[in-house]
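# Working through the structure, step by step
Read off the chains here:
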Amino acid sequence: MTVYNREKYIADAIQSVIDSTYKHWELIIVDDQSKDNSVEIAKSYQIKDDRIKVFVNENNLGDYPNRNQAASYAKGKYLKYVDADDKIYPHGLEQLVYYMEQFPTAGYGLCSLPQDEFKQYPFQLNQAQAYERHYLQQPLFHKAPLSSIIKKEAFNAVGGFTGKQHLGDFEMWHILSQKYPVVLMPHGIAWYRVHDDQQMNDNRADPFVPFKYMLLADELLLSKNCPLNEAEKQKALHNNKKHKSVAIVSAIKHHSISKALQMKKASKMSFLTILSSKFNFK
């Protein structure tokens, strides 16, 4: 549980872990130099339950570096993030461990997914199948850390989060899926709180923030570690180009010309390419 100024919510988050039907857990709370009473609240729970450990960083690390810091203290087989403004259902940990234990070769799992049309959860996707699902079928790598469970061995093997602001989890699922299968799991495991102080609000206020996901997708698809075959890769890149074009045109309509120009420059696409892709011209 990484924390920065979450005094309004952290007690609920901690209590949701304490209420777990699965009892073999350790709760590592790492505060990133909060200016409110988050640390005091966390330490009040540490006194009452020796499975809870509270750490305070000497300097503010930021979101993803702090997630790495928290993981560095972990002793268990699996890492499960429950952010200080979210909750996990009482049966959540028990379900996550149960699902993961059925697939010993998997490196991680993602939950809170819409019902699959053909299969009942849980089921496993290999490396290429995970990429294919995300880019050619339906989104998968958009899930936040709250919706994940990661085998600590796999987390360490890929070096943790790279630290990219906003993009860290999206990038991590790609990187893990280059090396390991992923287990897909249903809704009803974790609960996501919506409020005004979330970093995700940047996605709604600035169109360049979600656009960065599309730029990173190109990099990941062009990587030599991408598990898709060449035809699948080209189709995914084509689809992503259309998404970028739609985003740029939308920025003109709903934000500003300057913001659209910023996105166009970052995309390295011409206006002709943008319009051709947007309207499906050849």
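Here the structure is shown first, and the text comes after it.
The following refers to the structure shown. (Residues numbered from 1 in each chain as written. Predicted model: local features only at pLDDT ≥ 70, side-chain atom pairs only at ≥ 80, totals over all residues. Heavy atoms only, no water.)

### A short note on the overall build of the protein chain
Quick reminder of the rule: By definition, any uninterrupted DSSP run of H or I lasting at least four residues is a helix, any uninterrupted run of E lasting at least two residues is a strand, and each is numbered from the N terminus. When accessible area is computed with a 1.4 Å probe and restricted to protein chains, residues below 20% of their type maximum are described as buried, those above 50% as exposed, and intermediate ones as partly exposed. For the charge count, each Lys or Arg is scored as positive and each Asp or Glu as negative, with His and the chain ends excluded. Here the site of a charge means atom NZ of a Lys, CZ of an Arg, CG of an Asp or CD of a Glu.
Of regular secondary structure, the protein chain possesses 12 helices and 10 strands. A total of 282 residues make up the protein chain; the buried ones form 52% of that total. For the protein chain, the centre of its 36 positive side-chain charges and the centre of its 31 negative side-chain charges are spaced 7 Å apart.

### Points about the sheet that holds strand E2 (residues 27-31)
As a reminder of what qualifies: Should DSSP find at least two bridges between two strands, the strands are taken to pair. Every residue pair with non-hydrogen atoms within 4.5 Å of one another is taken to be in contact. Axis angles are defined between N-to-C directions and span 0 to 180 degrees, where every axis is a line fitted to C-alpha atoms and, for a helix, only to the segment in contact.
Reading across the sheet, the 3 strands line up as E1-E2-E3 and stay open at both edges, with parallel pairing between neighbours. The strands lining the two open edges of the sheet, one partner per strand, are strand E1 (2-3) and strand E3 (52-56). As paired strands, E2 and E3 are joined by 5 bridges and run parallel to one another. Its bridge partner lying in E3, Leu27 is registered against Ile52. In this fold helix H2 (residues 38-48) packs onto E1, E2 and E3, with an angle of close to 150° to the strand it touches most, E3. On the sheet, helix H3 (residues 63-73) packs against E1, E2 and E3 and is oriented at approximately 140° with respect to E2.

### As for helix H10 (residues 230-254)
Here is the rule: The span one expects for a helix is its residue count, reduced by one, times 1.5 Å. Polar contacts, as counted here, are pairs of nitrogen or oxygen atoms within 3.5 Å of one another; within protein the pair requires one atom able to donate a hydrogen and one able to accept it, and residues that are adjacent in sequence qualify only if both atoms are side-chain atoms.
Between its terminal C-alpha atoms H10 stretches 36 Å, which fits the 36 Å expected from 25 residues at 1.5 Å a residue. When H10 is considered as a whole, its buried residues turn out to be Lys233, Ala236, Leu237, Asn240, Lys244, Ser245, Ala247, Ile248, Val249 and Ala251. Sitting at the amino-terminal end of H10 is Asn229, which places a side-chain oxygen 3.1 Å from the backbone nitrogen of Ala231.

### Some details on the pattern of salt bridges
Opposite charge on two side chains permits them to pair, given that their charged atoms come into close proximity. Condition: Within this document, salt bridges are pairs made up of a side-chain nitrogen of Lys or Arg and a carboxyl oxygen of Asp or Glu, the two lying within 4 Å of each other.
One pass over the structure, following the stated rule, counts 10 salt bridges. Here Arg133 and Asp116 are joined by a salt bridge, their closest N and O atoms 2.8 Å apart. Separated by 17 residues along the polypeptide, Arg133 in helix H5 (residues 127-137) and Asp116 in the loop between strand E6 (108-110) and strand E7 (123-125) bring together distant segments of the chain. We classify Asp116 as buried; its relative accessible area is 8%. Sharing partners across several salt bridges, the network here consists of Asp63, Arg67 and Asp83.

### Overview of the packing of aromatic side chains
For clarity, the cut-off: Here is the rule: rings of Phe, Tyr and Trp (six-membered ring for Trp) pair when centre to centre is within 6.5 Å. Planes less than 30 degrees apart are stacked, more than 60 are edge-to-face, and the remainder are tilted. Sitting over a ring, as applied to charges here, requires NZ of Lys or CZ of Arg to be within 6 Å of the ring centre and within 35 degrees of the ring normal.
Enumeration according to the criterion identifies 11 aromatic pairs in this entry. On the basis of an interplanar angle of 75° and a centroid distance of 5.5 Å, the ring pair of Tyr131 and Phe141 is categorised as edge-to-face. Of this pair, Tyr131 sits in helix H5 while Phe141 sits in the loop between H5 and strand E8 (148-151); the two residues are 10 residues apart in sequence, bridging distant segments of the chain. There is no split in this pair, since Tyr131 and Phe141 are both buried. Aromatic side chains Phe155 and Phe161 sit 5.8 Å apart centroid to centroid with 75° between the ring planes, which places their arrangement in the edge-to-face category. Look at Phe155 and you get buried, because its relative accessible area is 4%. Residue classification places Phe161 among the buried positions, given a relative accessible area of 4%. Put simply, the rings of Tyr64, Tyr81, Phe155 and Phe161 pair up and form one aromatic cluster. In this structure, Arg67 packs its charged tip against the face of Tyr81, placed 5.2 Å from the ring centre. The ring of Trp191 has Lys87 lying over it, and the distance from NZ or CZ to the ring centre is 5.4 Å.

### Digging into the packing of helix H9 (residues 208-222) against helix H11 (residues 257-267)
Inclusion rule: Should an angle fall under 35 degrees it is called roughly parallel, over 145 degrees roughly antiparallel, and 65 to 115 degrees roughly perpendicular, with every other angle called oblique. Crossing handedness is defined as follows: a turn of the near helix away from the far one that is anticlockwise and smaller than a right angle gives a left-handed crossing, while the clockwise case is right-handed. Residue type decides the class: Asp, Glu, Lys and Arg count as charged, Ala, Val, Leu, Ile, Met, Phe, Trp, Tyr, Cys and Pro as nonpolar, and the leftover types, Gly among them, as polar.
Where H9 contacts H11, the axes come no closer than 11 Å and their chain directions differ by 15°. In terms of their interaxial angle, H9 and H11 are classed as roughly parallel. Between H9 and H11 the crossing geometry is right-handed. For the pair formed by H9 and H11, the contact residues are Phe208, Phe211 and Leu215 on the first element and Lys259, Gln262, Met263, Ala266 and Ser267 on the second. Residues of the contact of H9 with H11, tallied by class, amount to 5 nonpolar, 2 polar and 1 charged.

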